[in-house]
Amino acid sequence: MSSRQILASRVGPLGTTVFSEFSALALKHGAVNLGQGFPDFDGPDAVKEAAHQAILSGINQYAPSVGLKVLREAIAEHGARFHGQEGIDPDTMVTVTSGATEAIFCVLLGLVDPGDEVVAFEPFYDSYDANIAFVGARPRYVPLRPPDATHATWWFDRDEVRAAFGPRTRLLILNTPHNPTGKVFTREELAFLAELCAEHDVKVLSDEVYEHIVFAPARHVRAATVPGLAERTVTVSSGGKSFSFTGWKVGWIIAPPALRDAVQRAHQFVTFATASPLQAAMAVALRLPDTYFEQLRAQYLARRERLLAGLAQAGLKAHVPEGSYFILADISGQGLGDDVAFCRHLVTRVGVAAIPPSVFYAPEHRHLGQGMARFAFCKSDAILDDAARRLKDGLSPRRAG
Ligand SMILES: Cc1ncc(COP(=O)(O)O)c(C=O)c1O
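Per an unreviewed UniProt entry, the protein goes by Aminotransferase and derives from Melittangium boletus DSM 14713. For the protein, the Cofactor (unreviewed entry) comment in UniProt is given as "pyridoxal 5'-phosphate". We quote the UniProt Sequence similarities (unreviewed entry) comment for the protein here in full: "Belongs to the class-I pyridoxal-phosphate-dependent aminotransferase family."

See below:
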């Protein structure tokens, strides 16, 4: 049978994700893996214990499709407590999903028709592009620009965003804090986007999975709290990053009832429901005291500084992220080719895995990512130090020579 007969056209263009490819290379070459963004440490024992107790106490059958009530209530409380998002009705405005990944897919399925256009920023989290294709829509990407003499952080050209909106635009995808640039969108930027969405009657998917990994003076602004966005925004988040349980895949959406209903209609036939005992434990996690969230941020700040110092010692300049657990380093002066060639060299010869960010751009904009490499700092100190040593030993002498 030819591959033409096996592969449906919607999956034909999709290869293996870059994360799988570089994780496999890291394993093969014994490299320190700063590629894929999962912590090498676990979340709080109290949350693990809650999952254990949930299983032992018999929370083991299907949860309601919208999610366990205790978790929907905790999601609503958490939104008000940390982001000033008041008035979330757990019964009509929340659906629990299998990670943010499923939530993103269900938002696209529920709100976007074939032939519609979806505006998103580049570089983008790679599942957006695949999901836009799955629903037969067309992406319109607007590049985020790196910090420069007049911009202290990553920024976007307002005229470029305006030009991306048109009569077919159905959805804007936002991601704040942003993977992989670490940009945290300001209230003012969100207000500009709110105006544009109102003008074109466009809905918003706001992916906020890094909502608790934000470094002062940056502050996370929940898009749905910006005037004009509340009524048109589906907030997507999950417990993976905030509680270091990425493998649990417990995510959720928060949206006005009509939008929640659209997403729920898709969700009921995608996974129907998410693992019940893990939902019960996630409710405990979301209600952890403030000190937990403060410590999480402080620990990530220390890891960010550790990796920035390691990269600097190896002669790699980096953009300092305001949020998320990724650093984009400038590799343009390394003389090792583009980002893909550089990352291959790094994983096979230097013993460190990073991700080439050009894969987070549409083919016509790939060049914008070719001078950078993405390093994840959600790793223990020993791993970050080992990576720093390898980078210094592997890159500096080459340049000196
Ligand atoms: C921006 C962004 N959105 C969504 C996800 C997926 O989240 P989950 O693991 O909850 O499906 C990730 C994971 O890396 C991410 O970086």
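Moving on to the layout of surface pockets. Size it by volume and the second largest pocket reaches roughly 420 Å³. Contributing to the lining of the second largest pocket are 18 residues, with Phe82, His83, Arg219, His220 and Arg297 lying nearest its centre. Counting only elements with at least two residues in the lining of the second largest pocket, the list comes to α4 (69-83) and α12 (290-313). Per-element accounting of the lining of the second largest pocket gives the leading share, four residues, to α12. A breakdown of the residues in the lining of the second largest pocket according to their chemical character gives seven nonpolar, four polar and seven charged. Formed jointly, the lining of the second largest pocket draws a minimum of three residues from each of two domains, domain 1 (3-43 + 291-400) and domain 2 (45-288).

It is worth spelling out the nonpolar core at this point. One finds Leu108 and Phe375 to be the most contacted residues of the largest nonpolar core, which totals 98 residues. Among the domains, domain 1 (3-43 + 291-400) and domain 2 (45-288) are the pair contributing at least three residues each to this core. With 27 residues, the next largest nonpolar core counts Leu144, Ala223, Val226 and Leu229 among its residues.

Across all of its chains, the model carries one cavity of 30 Å³ or more by this definition. The space that makes up the largest cavity amounts to roughly 50 Å³. Looking at the largest cavity, the residues that line it are Ala120, Phe121, Pro123, Phe124, Tyr125, Tyr128, Ile173, Leu174, Asn175, His178, Asn179 and Phe185. Take the lining of the largest cavity: its biggest share by element is three residues, from strand β5 (residues 169-175). Residue classes in the lining of the largest cavity are distributed as nine nonpolar, three polar and no charged.

Conventions used here
- Residues numbered from 1 in each chain as written.
- Predicted model: local features only at pLDDT ≥ 70, side-chain atom pairs only at ≥ 80, totals over all residues.
- Heavy atoms only, no water.
- UniProt positions renumbered as here; feature names shortened; annotations may be inferred.
- 1 Å grid on protein atoms, 1.4 Å probe; cavity = no way out; pocket = protein on both sides within 12 Å on 5 of 7 lines; lining within 4 Å.
- Points joined across faces, edges and corners; volume = space filled by probe spheres on them.
- Helix = DSSP H or I, 4+ residues; strand = E, 2+ residues; numbered from the N terminus.
- Nonpolar A, V, L, I, M, F, W, Y, C, P; charged D, E, K, R; others polar.
- Domains from an automatic or database assignment.
- Core = buried A, V, L, I, M, F, W, Y, C linked by side-chain atoms within 4.5 Å.
- Buried < 20%, exposed > 50% of the residue type's maximum accessible area, 1.4 Å probe, protein only.

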